Amino acid sequence: MTDDAAPGLPDLRASDADRERVVEVLRDALAEGRLDMTEFEERLEETYKARTYGELAPITRDLPVAGVPLPPVVSLHKEPLEDGSWAGRIVGGEGSSTWAVAVLSGFQRRGRWTAPRRFNCFAFWGGGEIDLREANFAAGEIEINCVAIMGGLQITVPPGVEVVVRGIGVMGGFDQRETGVPGEPGAPRVIVGGFAFWGGVGIERKKTRAARRQEKLDRKAAKRELRSSSRDDEGEAHRRVLEGHQDIGHGHGLGQGHGAGSGSREEQRERRYDGPGDQWSSRYR
């Protein structure tokens with residue numbers, strides 16, 4: 001029973017049928033866990049004491065009424081992102097580093113860093129490394145502009161990232177092996193462009209050391225489990241063979257007992273010398 005059941009008539013006397021309808025709503029709320037037993041008993045007592053619609057309405061005001069759709073459930077707190085989720089690695093912002101230069105030297109961008117929307121790098125008689133395996137991304141699509149003159153640049157991307165190569169090489173080149181490999185849903189896109197003269201830009205897809213180490217441990221654990229299972233199977237087969245031999249031995253023992261009479265096996269095997277004829281005979285006691 002709600003205020004909408006009798007708008008403008010809060011003082012109208014309620015009937016027994018009205019009170020029973022409120023009791024039915026309370027029973028449903030108790031069964032669904034919306035009310036505990038104490039609350040149910042308190043509201044039930046108020047229902048039977050109520051004389052008007054105005055007294056009945058507050059009893060079920062915070063409870064759903066049959067036939068009225070419930071509002072969608074909304075989470076009031078932010079759920080943590082799953083480990084390794086791409087959504088958690090596209091963080092926005094400007095990036096922690098936007099350019100790098102190597103002249104007769106080298107540079108590295110690796111580990112935990114934020115790759116910007118556009119990263120410019122230059123190598124002259126030197127080399128540079130851009131490792132995105134543990135990096136965050138300022139956007140869902142980033143561009144790495146490479147200029148390599150008699151030098152080299154190496155770009156490493158994690159599995160799942162789409163790579164598009166648009167660079168031009170003159171007596172040099174851009175690695176095209178990762179071009180065309182589809183990316184995972186929600187993964188960032190990396191565009192590699194620029195110019196290489198007597199130099200090169202290499203691109204490889206590689207897992208992190210931690211991931212490779214975990215895969216190695218998983219393989220070792222699987223091998224140990226397989227060996228343990230094989231040993232268990234071999235032990236079970238060996239046990240069955242021994243049980244079969246024991247059964248056969250017991251059968252032979254029974255046959256000897258019936259054929260040779262009573263007495264232990266040691267006594268039956270006892271021999272003695274019978275005289276000048278050098279003849280050995282068995283004596284069964």
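For the structure itself, consult the block above.
Residues numbered from 1 in each chain as written. Predicted model: local features only at pLDDT ≥ 70, side-chain atom pairs only at ≥ 80, totals over all residues. Heavy atoms only, no water.

Student: Quick rundown of the overall build of the protein chain? Include the residues and the values.
Tutor: Across its full length, the protein chain holds 5 helices and 15 strands. Taken across its 285 residues, the protein chain has 28% of its residues classed as buried. Excluding contacts between residues fewer than 6 apart, the proportion of contacts in the protein chain whose partners are at least 24 apart in sequence is 62%. (Helix = DSSP H or I, 4+ residues; strand = E, 2+ residues; numbered from the N terminus. Buried < 20%, exposed > 50% of the residue type's maximum accessible area, 1.4 Å probe, protein only. Contact = heavy atoms within 4.5 Å.)

Student: Please set out the environment of E20 residue by residue, giving values where relevant.
Tutor: Turning to its location among the elements, E20 is positioned in helix 1 (residues 16-31). Using a relative accessible area of 39% as the deciding quantity, one classes E20 as partly exposed. Remark: the alpha-carbon pair of E20 and T47, spanning 27 residues in sequence, is separated by 8.6 Å.

Student: Which residues make up a positive patch on the surface, and what are the values?
Tutor: On the surface, K216, R219, K220, K223, R224, R227 and R231 cluster together into a patch of positive charge. Inspection of the secondary structure assignment puts R219 in helix 4 (residues 209-260). (Patch = residues over 30% accessible without salt bridge, like charges linked within 9 Å, V, L, I, M, F, W, Y side chains within 5 Å. Areas by Shrake-Rupley, 256 points an atom, 1.4 Å probe, with all protein chains shown as cover. Salt bridge = Lys/Arg side-chain N within 4 Å of Asp/Glu carboxyl O. Lys, Arg positive; Asp, Glu negative; His and termini not counted. Charge placed at Lys NZ, Arg CZ, Asp CG, Glu CD.)

Student: I'd like to hear about the sheet that holds strand 2 (residues 106-109), residue by residue, with values.
Tutor: Pairing within the open sheet is parallel, and its 5 strands lie in the order 2-5-8-13-11. The two strands at the open ends of the sheet, each matched to only one other strand, are strand 2 and strand 11 (173-174). Of the pairings in the sheet, the one linking strand 11 to strand 13 (residues 200-205) comprises 2 bridges and is parallel in character. Bridge pairing links G173 to G200 in strand 13. (Pairing = 2+ DSSP bridges.)

Student: Residues and numbers for the nonpolar core, please.
Tutor: Grouped together as the largest cluster of nonpolar side chains are 30 residues, with contacts concentrated most on I130, L132, I144, C146 and I155. Within the residue set of this core, elements represented by two or more residues are strand 1 (99-103), strand 4 (118-124), strand 7 (141-149), strand 8 (152-157), strand 9 (162-165), strand 12 (189-197) and strand 13. Here the element with the most residues in this core is strand 7; it accounts for 4 residues. Discounting chain neighbours no more than four positions away, the residues touching C146 are C121, L153, I155, F174, V192, G193, G194, F195 and V201. With 11 residues, the next largest nonpolar core counts L26, L35, F40 and L63 among its residues. (Core = buried A, V, L, I, M, F, W, Y, C linked by side-chain atoms within 4.5 Å.)

Any functional reading would require information beyond the geometric quantities listed.
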